[in-house]
Each structure stands twice: as structure tokens, then as C-alpha cells.
Amino acid sequence: MKKLYDLIVIGSGSIGVPVALEFAKMGQSVLVIDSLPSPGQGQDKKAIGGIRATHSDKGKIAVAQKSIEIFSHWKETYGYDIQWQSNGYSFPAYTEKDETLLKNLMKIQQNDGLNIHWLSPEEYRELNPGINMKGLRGSTYSPEDGSASPLLFINSCHFKAVDYGAEFKFNEKVIGFQIENNKIISVKTNKGTYHPASVLNAAGVYAKEVSLMARIDIPVDSDSHEAGISEPVGPFMGPMVVDIRKEPGSKNFYFYQNSIGHVVFCLTPDPPILGINNRATSTFLPMIARRMIKVMPMLANLKVRRTWRGQYPNSPDGFPIVGKINELDNFYQAVGMCGQGFMLGPGLAELVYRLITESYTPYDLEVSKSFDPYRDFKGKEMFK
């Protein structure tokens, strides 16, 4: 007799694994399928670990605040140390234009329930003593934001999902769906066939490919970003530093010191590097090193351990695509995280559970408006 799963999740990354945990914890039968050999082997392991609710949209702020609540209580809830620290996020301003932008956004963020305030240059220097004060006009500061280890989180999340009864199929590639009467009645892989009540596309950079198997096109395309990590040093930094200025070859960049002393850093290339090529470039490290030293000169002697390259599966407006597909009765999307899947994953998993089981609240519907798969995509996430 064939087994019917309440949910089949395609993708065992920063969204798929927390969703599996949430469904299994609530007594639902769930199967996760991934072509890679273990959880988090796509883009999740390339995340730098930052976790913030400092976004420019009510939906992302609310979901990320829930994620922060989950991350910050993970050890006491599940017994696993994921190296969580509430180090905060900061967006320093060195131009009048950026100061005005950040202060205007701060009012919107505060209205949406974010704990964020403006620091004078002197107040900010107390948090990050090595900051370059020349031209500094001040900084926003969100003290409840933080960071954790993507590796430790995804693995502990997987372990707990299995403990609750979730099943995982690794090294197995989804190759198609059998669709009848506007429903996916089976998920076909290169190794077998599985039968779902509902299907969730959480395939990250392969989200469009998976969606097209169901004859549904979605506006998700990937570009590449590079990141790096230093050797561990003694604690010297406070919050994550996000510099939103543009320079030749790059837009914003950001860096922080994690709980075990490494400085982790990333940069947004300009123009974007499209595609899913994972080869690191020779231009990244010199570019970001110059920018980091400019903002914090004391980093000049920092030794870099390694750099890497990963992808951001982007939607046109910078907001995730989450929700039910109208053309099919049981197909859902949780894609287009724009490089923020790690920080949104736990909070989004709870929302996805309520959307799929139709146990959502009016507030859930309000929060998920900007994630609607059928929106016009004319908005813009200011803190993408």
C-alpha cells in the first residue's frame, strides 16, 4: 500500500529543514527530498550567519523577529548550542543622503515593531571602538539582531526533525510530477515515486526548475556573492557593520565578529554576477579588504582564512515568494529568499505550516501580503 505524506518538501536547505521540523513536531508526516548528500549543502552552508529583523517591510520584519525568538532560545529548547549571540546590527552613515535614508526608514521600522534607534558618532564608537570616525554622522542600531552558526543550526534542526518523525531522502533528484485534476498526486525522483497531500517547493537556486516541472513559471533567478572569514582573534567588535555606500565594483558590504572570534564578511557586487557558478574570483578579497580597512582601520593586519562564493536566489522586488499556487490545489512555494533564507527560515517555517494547514490568522495573511506569488513585484526591499 502506497504511503501518503501530508507534505513533501523539495530542498533540504534553510527553509526546507525548518519546515520539516515544524510539520513533524505538529504530528504531520513529512518527506524531504534533496539531490545533495546531506542537509544544508546548497547555499545554506555559504551563509555568513547574520540574523536580522532590520528590514524595510512589515512582513519580513515580523518573520525575522520570530526567527530571532527561535534562534535565541534554540539551546534551551532543543539542547544544541548553535553559537547564537545577540550582537546586533548597525548601519553607519557617512553621507547626509545615507543619514536621511536610514532615519526615514527607521521611522517605518519602529512603526512595524522593530527595536531600532539612532546613535551619535560617539555612542556608536563605544559599541565598535575601531570604527573610523572621519565623516561619521551616526548609525542605526538594532540590538536584538544577532548571529549563529548556519552549520550547527541546520544539522541540529535536521536531527530534531528526524526525532519527531520526518523522513529525508538524500542523493535523490526530483525529475517530475504526476498531475491529475489540478493536483500533484505523485513526486517522481531518479530513485522512486512518492505521494503527497501537499508539495512545497523550497529548492533554492533550483526553485524555477522545480516549479516548471509543475508547469508553473516563477520569477526567481540567481546571482553570486562572495564572502570570507578570518582567523579567530580576541573579541573587539560589537554589532554587525553594514556600509550601504557604493564604490566601483560593489554596492553594500558588511562584516561582524562571531561568537568564537572569526571576522566574517561579505560584499554585494555591482554589476551583479548572474548565474550559479561557484568559483571564487581574484577581485573579491582586494575589493572588500580596502573597504573594510577604510571603515575600521584596525583590521589591516587581520589574517584571512578562506573565501567562498554562493548564490542569492532573487525575486524581482527582493521579497520571498511564499504561498499557494492557484493553478494547482496542493502546490506551495517558499522560494526567492534573496540570500536571507538562513535568517528567515525558522520564522517562515511556522508561517508556512499555518498557510498549508489553513490554520492561519488574519495577522498571518497581513504579514504574507508582500510574499504573495501573484503580487505585481513593483515594490523594493531597501535592505536586500
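As the structure is a prediction and not an experimental result, all values here were calculated from the model.

> Would you mind going over the overall build of the protein chain in detail, with residue names and values included?
Helix and strand counts for the protein chain stand at ten helices and 19 strands. Reported as C-alpha extents along the three principal axes, the dimensions of the protein chain are approximately 70 × 40 × 40 Å. Counting the 384 residues in the protein chain, one finds 57% classified as buried. Long-range pairs, those at least 24 residues apart, make up 74% of the contacts in the protein chain between residues at least 6 apart in sequence.

> Explain the pairing of strand β15 (residues 263-269) residue by residue, including any values.
Most of β15 is tucked away, with seven of its seven residues classed as buried. Alternating positions in β15 separate into two faces, V263, F265, L267 and P269 on one and V264, C266 and T268 on the other, with burial throughout. The pairing of strand β12 (residues 221-230) with β15 spans four bridges and is classified as antiparallel. Bridge assignment links G228 to a residue of β15, and that residue is F265. Note: strand β14 (residues 250-257) against β15, six bridges, orientation antiparallel. Paired with S250 across the strands is P269, a residue of β15. Linkage of β14 to β15, two consecutive antiparallel strands, is achieved through a turn of five residues, within which G261 is found at a positive phi near 105 degrees.

> Could you give me a rundown of helix α2 (residues 58-72), with the residues and numbers involved?
Helix length check: α2, at 15 residues, gives a terminal C-alpha distance of 21 Å against a target of 21 Å (1.5 Å per residue), a fit within 8%. Of the residues making up α2, those classed as buried are G59, K60, I61, A62, V63, A64, S67, I68, I70 and F71. Where α2 is buried, its residues meet β3 (50-51), α3 (74-78), α4 (96-111), α6 (150-163), α9 (341-356) and α10 (362-367).

> Break down the pairing of β14 for me, with residues and values.
Among the eight residues of β14, seven are classified as buried, and the element is accordingly described as predominantly covered. Bridging between strand β13 (residues 240-243) and β14 involves three bridges; their strand directions are antiparallel. Each residue of the ladder has a partner; that of D243, found in β14, is F253. Counting the residues between successive antiparallel strands, the hairpin from β13 to β14 contains six residues, one of them, G249, with a positive phi of roughly 90 degrees.

> Before we move on, could you go through α9 and cite the residues and values that matter?
Taking 1.5 Å of rise per residue, 16 residues should cover 22 Å, yet α9 covers just 19 Å from first to last C-alpha, more than 12% shy of that figure. Here α9 lies mainly inside the structure; 15 of its 16 residues are buried. Where α9 terminates, the next one or two residues include E358, which has phi positive at roughly 55 degrees.

> Describe a positive patch on the surface, naming the residues involved and giving the relevant values.
The grouping of K97, K246, K251 and K380 at the surface amounts to a positive patch. One can find K246 in the loop between β13 and β14. The exposure class of K246 is exposed, given its relative accessible area of 62%.

> Which residues make up unusual backbone geometry, and what values do they have?
Between D270 and P271 the backbone carries a cis peptide bond, its omega angle lying at 5 degrees. Inspection of the secondary structure assignment puts P271 in the loop between β15 and β16 (273-274). Non-glycine residue Q83 carries a positive phi angle of around 60 degrees. Residue position: Q83 is located in the loop between α3 and β4 (89-93).

> Pulling in residues and values, what's your account of the packing of helix α1 (residues 16-25) against α6?
α6 packs onto α1 with a crossing angle of 30 degrees between their chain directions and a minimal axis gap of 9 Å. Regarding the angle of α1 to α6, the classification is roughly parallel. As α1 packs across α6, the resulting crossing turns out to be left-handed. Residue-level inspection shows V17, P18, A20, L21 and A24 of α1 in contact with α6, the latter providing F153, I154, C157, H158, K160 and A161. Across the contact of α1 with α6, the residue classes break down as nine nonpolar, one polar and one charged.

> Give me the lowdown on the environment of E226, citing residues and values where you can.
Within the secondary structure, E226 sits in strand β12. Residue E226 is classed as buried on the basis of its relative accessible area, which comes to 6%. In the structure, E226 is positioned 109 residues away from H117 in sequence and 30 Å away in space, judged by C-alpha atoms. In this structure E226 touches F265, C266, L267, A280, T281, F284, W308 and R309, once residues within four positions along its chain are discounted. Side-chain polar atoms of E226 contact the side chain of T281, separated by 2.5 Å.

> Pulling in residues and values, what's your account of the nonpolar core?
Residues V19, I48, L200 and L348 are the most contacted members of the largest nonpolar core, which totals 69 residues. Ranked by the residues each element gives to this core, the list is headed by α9, at ten residues. Setting aside its immediate chain neighbours within four residues, V19 contacts L7, V9, L200, A349 and V352. Counting residues in each nonpolar core, the second largest holds 24 residues, with I33, V199, A214 and I325 among its members.

Calculation criteria
Residues numbered from 1 in each chain as written. Predicted model: local features only at pLDDT ≥ 70, side-chain atom pairs only at ≥ 80, totals over all residues. Heavy atoms only, no water. Helix = DSSP H or I, 4+ residues; strand = E, 2+ residues; numbered from the N terminus. Buried < 20%, exposed > 50% of the residue type's maximum accessible area, 1.4 Å probe, protein only. Contact = heavy atoms within 4.5 Å. Pairing = 2+ DSSP bridges. Expected span 1.5 Å × (residues − 1). Patch = residues over 30% accessible without salt bridge, like charges linked within 9 Å, V, L, I, M, F, W, Y side chains within 5 Å. Areas by Shrake-Rupley, 256 points an atom, 1.4 Å probe, with all protein chains shown as cover. Salt bridge = Lys/Arg side-chain N within 4 Å of Asp/Glu carboxyl O. Lys, Arg positive; Asp, Glu negative; His and termini not counted. Charge placed at Lys NZ, Arg CZ, Asp CG, Glu CD. Axes fitted to C-alpha atoms, helices over the stretch in contact; angles between N-to-C directions. Parallel < 35°, antiparallel > 145°, perpendicular 65-115°, else oblique. Left-handed = near helix turned anticlockwise from the far one by under 90°. Nonpolar A, V, L, I, M, F, W, Y, C, P; charged D, E, K, R; others polar. Polar contact = N/O pair within 3.5 Å; in protein donor to acceptor, adjacent residues only side chain to side chain. Core = buried A, V, L, I, M, F, W, Y, C linked by side-chain atoms within 4.5 Å.

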